[in-house]
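# Coordinate inspection notes
Read off the chains here:
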Amino acid sequence: MKPKEPGGGRERPCSECGSHGGSALASVCGAVVFLPLCGRGLCQTPCLQGLRSLWARWVFMCFCRVRLCAWRGLQDLDSPCPGAFVSATLVCPPVQTLPVLVLQGTPFLSFHSLDLPTSCAAPPQQASALVIAAVFDRDINCRRAASAAFQENVGRQGTFPHGIDILTTADYFAVGNRSNCFLVIRGLGGQLMRQAVCVLIEKLSLSKMPFRGDTVIDGWQWLINDTLRHLHLISSHSRQQMKDAAVSALAALCSEYYMKEPGEADPAIQEELITQYLAELRNPEEMTRCGFSLALGALPGFLLKGRLQQVLTGLRAVTHTSPEDVSFAESRRDGLKAIARICQTVGVKAGAPDEAVCGENVSQIYCALLGCMDDYTTDSRGDVGTWVRKAAMTSLMDLTLLLARSQPELIEAHTCERIMCCVAQQASEKIDRFRAHAASVFLTLLHFDSPPIPHVPHRGELEKLFPRSDVASVNWSAPSQAFPRITQLLGLPTYRYHVLLGLVVSLGGLTESTIRHSTQSLFEYMKGIQSDPQALGSFSGTLLQIFEDNLLNERVSVPLLKTLDHVLTHGCFDIFTTEEDHPFAVKLLALCKKEIKNSKDIQKLLSGIAVFCEMVQFPGDVRRQALLQLCLLLCHRFPLIRKTTASQVYETLLTYSDVVGADVLDEVVTVLSDTAWDAELAVVREQRNRLCDLLGVPRPQLVPQPGAC
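Residues numbered from 1 in each chain as written. Predicted model: local features only at pLDDT ≥ 70, side-chain atom pairs only at ≥ 80, totals over all residues. Heavy atoms only, no water.

### What to know about the overall build of the chain
Per the secondary structure count, the chain includes 31 helices and six strands. The proportion of buried residues among the 709 residues of the chain is 51%. If you take every contact in the chain between residues at least 6 apart in sequence, the share linking residues at least 24 apart comes to 65%. Counting only carbon and sulfur atoms, one obtains 55% of the accessible surface of the chain, whose full area is about 32800 Å². (Helix = DSSP H or I, 4+ residues; strand = E, 2+ residues; numbered from the N terminus. Buried < 20%, exposed > 50% of the residue type's maximum accessible area, 1.4 Å probe, protein only. Contact = heavy atoms within 4.5 Å. Areas by Shrake-Rupley, 256 points an atom, 1.4 Å probe, with all protein chains shown as cover.)

### With respect to the nonpolar core
The biggest cluster of nonpolar side chains holds 172 residues, and the ones touching the most others in it are Tyr495, Phe573 and Met615. Among all residues touching phenylalanine 573, those that are not within four sequence positions of it are Met526, Leu536, Phe539, Ser540, Leu543, Val567, Leu568, Phe584 and Phe618. With 15 residues, the next largest nonpolar core counts Val135, Phe160, Ile166 and Ala174 among its residues. (Core = buried A, V, L, I, M, F, W, Y, C linked by side-chain atoms within 4.5 Å.)

### Quick word on the packing of aromatic side chains
All chains considered together, the criterion is met by 11 aromatic pairs. Here the aromatic rings of phenylalanine 211 and tryptophan 220 are separated by 5.6 Å at their centres, their planes lie at 80°, and the arrangement is edge-to-face. An angle of 50° between the planes, with centres 6.0 Å apart, marks the rings of phenylalanine 466 and tryptophan 476 as tilted. Highlighted residues: phenylalanine 466 in the loop between α20 (459-465) and α21 (479-486) and tryptophan 476 in the loop between α20 and α21, separated in sequence by 10 residues. On the basis of relative accessible area, phenylalanine 466 is assigned to the buried category, the value being 5%. One aromatic cluster is present, built from ring pairs that chain together Phe442, Phe466, Trp476 and Tyr495. Its end group placed over the ring of tyrosine 376, arginine 555 keeps NZ or CZ at 3.5 Å from the ring centre. (Phe/Tyr/Trp six-rings, centres within 6.5 Å; stacked < 30°, edge-to-face > 60°. Lys NZ or Arg CZ within 6 Å of the ring centre and 35° of its normal.)

### Regarding helix α11 (residues 267-280)
Helix length check: α11, at 14 residues, gives a terminal C-alpha distance of 20 Å against a target of 20 Å (1.5 Å per residue), a fit within 8%. Taken residue by residue, α11 has Gln270, Leu273, Ile274, Tyr277, Leu278 and Glu280 as its buried positions. Projected down its long axis, α11 carries its buried residues within an arc of 155°, all on one side. α11 presents Pro267, Ala268 and Glu272 as exposed residues on the side facing more than 90 degrees away from its buried surface. Each element contacted by the buried residues of α11 is listed here: α9 (215-229), α10 (236-257), β4 (264-265), α12 (286-298), α13 (301-304) and α14 (308-319). Measuring from the side-chain oxygen of the N-cap residue of α11 to the backbone nitrogen of alanine 268 gives 3.1 Å; that N-cap residue is aspartate 266. (Expected span 1.5 Å × (residues − 1). Arc of directions from axis to C-beta. Polar contact = N/O pair within 3.5 Å; in protein donor to acceptor, adjacent residues only side chain to side chain.)

### Looking at helix α23 (residues 512-528)
In this model, α23 (17 residues) spans 25 Å end to end at C-alpha, consistent with the 24 Å of a helix rising 1.5 Å per residue. All of the buried residues in α23 are Thr514, His517, Ser518, Thr519, Ser521, Leu522, Phe523, Tyr525 and Met526. Contact partners of the buried residues in α23: α19 (432-447), α21, α22 (493-507), α24 (533-549) and α25 (554-569).

### Side note on the packing of helix α27 (residues 602-614) against helix α29 (residues 639-655)
If you want to describe how two helices pack, look at the angle between their axes and the distance between the axes. Where α27 contacts α29, the axes come no closer than 10 Å and their chain directions differ by 20°. In terms of orientation, α27 lies roughly parallel with respect to α29. Classified by chirality, the crossing of α29 by α27 is right-handed. Facing α27, whose interface residues are Ile602, Leu605, Leu606, Ile609, Ala610 and Cys613, α29 presents Leu640, Ile641, Thr644, Thr645, Gln648, Val649 and Thr652. Residues of the contact of α27 with α29, tallied by class, amount to nine nonpolar, four polar and no charged. (Axes fitted to C-alpha atoms, helices over the stretch in contact; angles between N-to-C directions. Parallel < 35°, antiparallel > 145°, perpendicular 65-115°, else oblique. Left-handed = near helix turned anticlockwise from the far one by under 90°. Nonpolar A, V, L, I, M, F, W, Y, C, P; charged D, E, K, R; others polar.)

Quick look at the structure:
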């Protein structure tokens, strides 16, 4: 409902133009005034006596009208719809006047126009106007007012693009310094200008502008180098774009202005550039290593001629994991990308290790790429090693396809086998998008036929398991589709170890769908080999080998204990329980004891308890040793471990009733259920020793600490 106007509700015409363009109520300076919206003049009211110019009146009108809307929530009186509330048309005109009023050069007008948005909700499309005013207006009050307005709208609406990042850089206090505004926040040293200038350098170079030998080239090179050297100062969301722009500019600049003769580099420039960039690869800042690694990868072939071995050695050092830079996953990723790009640039040529890929250096390149397939670095961001492994797979694929097209004899049998096995392992792991990428690489290498890649293990079986016609229809990021297919590789001896290793990590993961489908697929495979003792023996041997190779490696050992619990619970090794002290059970018990010895990892201990409980189904000394380990855990330092052990032993003895004699079963169960296992160790130890006597295992003895009296 429209508010009634004083004086009988009649609309007062403009005293200057006679227009009835509409009016609104505003409370300014404690008085009620009428503001016609014709835009040509203002009513002669006492509040406007001091505003002589048309611009001043227009600013004041906008100010009052939007203040009115912000304070009172009134309707848009110009709208043809009676129920229409304040729309963007009421807000946009004042904000759109910002650049115009700034050009007028009147501090008074600019101040009031920029103070307007602090009390109104400007739409997202006006964010750029506020930023421009906050950074480039000559009046400090205007800049601060625009920054405050931007901050208020970010806080209230949250729809301004990159609002938090902009506020962090151009806050109320930062815009108070004029030189900081003009030169740092969005000036020559700012992110946008740097990126824009890099793009300009690239385009000018591609346009073959006649600057060869000009000093401007030195300025361009300095800007590119300075940008790459200070990438760590760039905001995280803009860093990749800045890096790409600088590297692209460098590639275009070098190709156009650093070639002395066709195919020949200027020796002085080549020496300076390569030496400087290789030195930056040892910079303590990770982002600097990233930038200069990609820069080396973007150099044209004539600059790498004669220096290829030196460059590859420097990049291989970047991809190597050392204790002091173990967290530099991004630099290792970019180093791998640079190596792959250099290989594509220089191509393959026999007998020229300093100019192209050849038999003399290809093994070193493959060694660097394959070494990064085992990068499982984790930090606060999660599994950052994923970036490295993904780049390694892509680089391996690109290099292998390059060699297959030109000189396939350089691909050795053991190298191809290792590539296919490592990629198959990644295709069976737990991260969906990463598994899909690994499967894509695996199938690309398998089905490549121009010419076919030599020495692919079990090529015939693989082509039957993964026909070319099914490649496009399978969604490898979906666990329900991926795991039933990848577990078929367990039947191929060459791939069994790596695929089972990946499945173990997936089965012991945290995602419910991944655990469910990986477990089901593994059980289906093991169900199919129950009648084949040889296949079951090979599978169990591979499982134990994985355990032994990854002993005390929590990334693998904890999921492996969970996997063992699952397969033992579901009777996958029941055939081994008919033989006393089966070699599988003996070795498994020994590995489990080593894994949990002196461990304080709660998850590892809980998983170990479950495995020991399942191992009591194996007759002979294995059973006695498993019961002894459980008795030791009944007096563990952690009350949770003691209680969990008692509970699981209770359930196990009820499940496998032949473990203890019927004459003592009731007493054993009573001790397990009635004892307060979280009580003092002295009390708990007495009940534990009683259980040892009932179960027929020796009582554990306290070992004196070294140096104890």
